[in-house]
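Geometric and topological summary
Read off the chains here:
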Amino acid sequence: MLRHGLSNTNAKIAQPQFAAFSYLNFSTTSSSSKSSSSSNSSSNSNSSSNSSSSKPPEDDKNLFLDNLGSIFLALVASLIVFIYRSTVSNGRIDKLRTEIEDTSVLDPMEVNEIRFANTDFTADIYNEIVITLYKQFASNTTELNYEEFVPAVMTFLEGNKLKHGLTMQYGHLLDRVVYNLMETKNKQNESGGGFSTVDRSTVDVSSVDYEKPQSLLFFMVLLSLCINSTPAERLDSLHKLLVVDAEANNGNGNGNGGRNGDGDEKKAPLETIKKLVTHLQTTCQLPPEIQVIETGVRYPFVEHKRATGGELVGEALEGLGWKEGDDAKVRTDYGVTLGDFVKMLKSRGICYCGECYSGKNSRK
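Bear in mind the structure is a predicted one, so any value in this text is a computation, not a measurement. (Residues numbered from 1 in each chain as written. Predicted model: local features only at pLDDT ≥ 70, side-chain atom pairs only at ≥ 80, totals over all residues. Heavy atoms only, no water.)

**What about the overall build of the protein?**
Scanning the protein from terminus to terminus reveals 14 helices and two strands. Counting over 364 residues, the protein shows a buried share of 35%. Considering only residue pairs separated by 6 or more positions, the protein has 77% of its internal contacts joining residues 24 or more positions apart. (Helix = DSSP H or I, 4+ residues; strand = E, 2+ residues; numbered from the N terminus. Buried < 20%, exposed > 50% of the residue type's maximum accessible area, 1.4 Å probe, protein only. Contact = heavy atoms within 4.5 Å.)

Pasting the structure below:
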């Protein structure tokens, strides 16, 4: 019994030892497993980091290729905007040119008719009339009415009828120009072109107020419509007209529009040339498309207007390269010689009687 009880006691005593041993063994095993798992995780992380570091880097992005679609759409949109702006601007130019044509009291065919009908009215005859009338109206060349001008011209023609065989044909066309000038108060020379004018088919010359004064320079430019000569001869006559007008208004010179007493060629003042170009517009001697210029406004659309005579002269000077510099001052500030005057009026900026469309001055 004692042995049996002792053995049971030993067994009971040994049991907690075994349990402690088991606990110790379990703890050791779990810790080792934890260390092994941590080592495995660290090794896995190291391997993953090594694998990530060993992975080859991606290629750099190409901005052009990656945005090729956007660039293409932008180019297409720009092209559409460019075409639209050009279409609108060209449409406005055509509209303004049409307005100028519609408000012109003489069409190109009528201008040709009045010249061809007066076959004997040459540039030399015109030059004689210029000198005669400027001497006759020397006291006042800036304010002259049509009723005074017409009899003076007719008196000259009658006095030289036996000498030149002169008669004036298609004079009613000149009356029509004066009628339109009086009715519109010269609005056709204001920039913009948007103005109303009389219907050329209903012109009643008997209602023209001939008492409204104009300059003798205007009436002489009007009479130049009748000159039946070459463009070079007409330009020479117009330059002589400007010289005579400047001398009459300044009260000096011999009034013949030729050369000075010392043989130097006379020059036409630039300001008088601007007045001449204005009168050429009024008398329908410039092409309508030449009179359309840009206003300087370019966005959203390029704006245009009808140019004044001074603006057309500026366009001619700029086109010839005479607007700035010492050479330009010599050519314009001290008067314009006949050679330079011809270049100006035949240039693309003025295009007198369409001369810019012929020869070297033709459009490309």
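**Looking at the nonpolar core**
Formed by 64 residues in total, the largest nonpolar core has its most connected members in Phe149, Met220 and Leu345. Counting residues per element, this core draws most heavily on helix α9 (residues 216-223), which supplies eight residues. Ignoring anything within four residues of it in the chain, the contact list for Phe149 reads Leu133, Leu144, Leu216, Phe219, Met220 and Leu223. (Core = buried A, V, L, I, M, F, W, Y, C linked by side-chain atoms within 4.5 Å.)

**Structural notes on the packing of helix α11 (residues 270-282) against helix α14 (residues 338-346)**
Across the interface, α11 lies against α14 with an axial gap of 12 Å and an inter-helix angle of 35 degrees. Along this stretch, α11 crosses α14, giving a crossing that reads as right-handed. In this structure, α11 contributes Leu270, Ile273, Leu276 and Leu280 to the contact, and α14 contributes Phe341, Met344 and Leu345. Counted by class, the contact of α11 with α14 contains seven nonpolar, no polar and no charged residues. (Axes fitted to C-alpha atoms, helices over the stretch in contact; angles between N-to-C directions. Left-handed = near helix turned anticlockwise from the far one by under 90°. Nonpolar A, V, L, I, M, F, W, Y, C, P; charged D, E, K, R; others polar.)

**Some words on the packing of aromatic side chains**
All chains considered together, the criterion is met by four aromatic pairs. With centroids separated by 5.0 Å and ring planes inclined at 15 degrees, the aromatic side chains of Phe149 and Phe219 adopt a geometry described as stacked. Taken together, the residues span a long stretch of sequence, with Phe149 in helix α6 (residues 146-159) and Phe219 in helix α9 at a distance of 70 residues. Among the aromatic side chains, those forming a connected cluster through ring pairs are Tyr146, Phe149, Phe218 and Phe219. (Phe/Tyr/Trp six-rings, centres within 6.5 Å; stacked < 30°, edge-to-face > 60°.)

**Thoughts on the state of the cysteines**
According to the stated counting rule, one finds one disulfide in the structure shown. Two residues share a disulfide in this structure: Cys351 and Cys356, whose sulfurs sit 2.0 Å from each other. Judged by the sign of its S-S torsion, about -80 degrees, the bond between Cys351 and Cys356 is left-handed. Comparing Cys351 with Cys356, the two get one shared label, buried. (Disulfide = S-S within 2.5 Å.)

**Describing the environment of Glu148**
With respect to the helices and strands, the residue Glu148 is situated in helix α6. Classification of Glu148 by relative accessible area gives partly exposed; the value is 38%. In the structure, Glu148 is positioned 65 residues away from Pro213 in sequence and 9.8 Å away in space, judged by C-alpha atoms.

**Structural notes on the packing of helix α10 (residues 231-250) against α14**
Contact geometry of α10 with α14 gives a least axis separation of 10 Å together with a crossing angle of 115 degrees. Pair α10 / α14 crosses with right-handed handedness. Here α10 contributes Leu235, Asp236, Leu238, His239 and Leu242 to the contact with α14, which in turn contributes Leu338, Phe341, Val342, Leu345 and Lys346.

**Some remarks on the pattern of salt bridges**
Tallying each qualifying case throughout the model produces seven salt bridges. With a shortest N-O distance of 2.6 Å, Glu247 and Lys266 are connected by a salt bridge. Linking Glu247 in helix α10 with Lys266 in the loop between α10 and α11, this pair joins segments that are 19 residues apart in sequence. A single burial state applies to Glu247 and to Lys266, both of which are buried. (Salt bridge = Lys/Arg side-chain N within 4 Å of Asp/Glu carboxyl O.)

**Structural notes on a nonpolar patch on the surface**
A contiguous nonpolar surface patch, about 480 Å² in accessible area, is contributed by Phe64, Leu65, Leu68, Ile71 and Leu75. With three residues, helix α3 (residues 68-103) is the largest single contributor of residues to the nonpolar patch. Note that Ile71 resides in helix α3. (Patch = residues over 30% accessible without salt bridge, like charges linked within 9 Å, V, L, I, M, F, W, Y side chains within 5 Å. Areas by Shrake-Rupley, 256 points an atom, 1.4 Å probe, with all protein chains shown as cover.)

**Considerations on the confidence of the model for the protein**
Should pLDDT be low for a region, the predicted coordinates there are not to be read in detail. On average, residues of the protein score 75 in pLDDT, and 66% of them are at 70 or above. Averaged pLDDT values over the elements of the protein bottom out at 46 in helix α1 (residues 2-54) and peak at 95 in α9. Contacts of residues 1-53 to residues separated by more than four positions or lying in other chains number zero contacts, the stretch itself having pLDDT below 50. Predicted confidence for residues 188-203 stays below pLDDT 50, and this span has 42 contacts to residues more than four positions away or in other chains. (pLDDT = per-residue confidence, 0-100.)

**Observations regarding unusual backbone geometry**
Unlike most non-glycine residues, Cys284 shows phi in positive territory, near 65 degrees. If you trace the backbone, Cys284 turns up in the loop between α11 and β1 (292-294).

**Re α6**
An ideal rise of 1.5 Å per residue puts 20 Å on 14 residues; α6 measures up with 20 Å between its terminal C-alpha atoms. The complete set of buried residues in α6 reads Tyr146, Phe149, Ala152, Val153, Phe156 and Leu157. Angular distribution of buried residues about the axis of α6 spans 135 degrees; they occupy a single face of the element. Facing away from the buried side of α6, by more than 90 degrees, are the exposed residues Thr155, Glu158 and Gly159. N-cap assignment for α6: the residue whose side-chain oxygen lies 3.2 Å from the backbone N of Glu147 is Asn145. (Expected span 1.5 Å × (residues − 1). Arc of directions from axis to C-beta. Polar contact = N/O pair within 3.5 Å; in protein donor to acceptor, adjacent residues only side chain to side chain.)

**Some words on α14**
Here α14 has its buried residues at Asp340, Phe341, Met344 and Leu345. Each buried residue of α14 lies within a common arc of 130 degrees when the element is viewed along its axis, so the set occupies one face.

**Focus on the side chain of Thr103**
Relative to the assigned elements, Thr103 resides in helix α3. Look at Thr103 and you get buried, because its relative accessible area is 9%. Looking at Thr103, its side chain comes within polar contact range of the main-chain oxygen of Glu99, at 2.8 Å.

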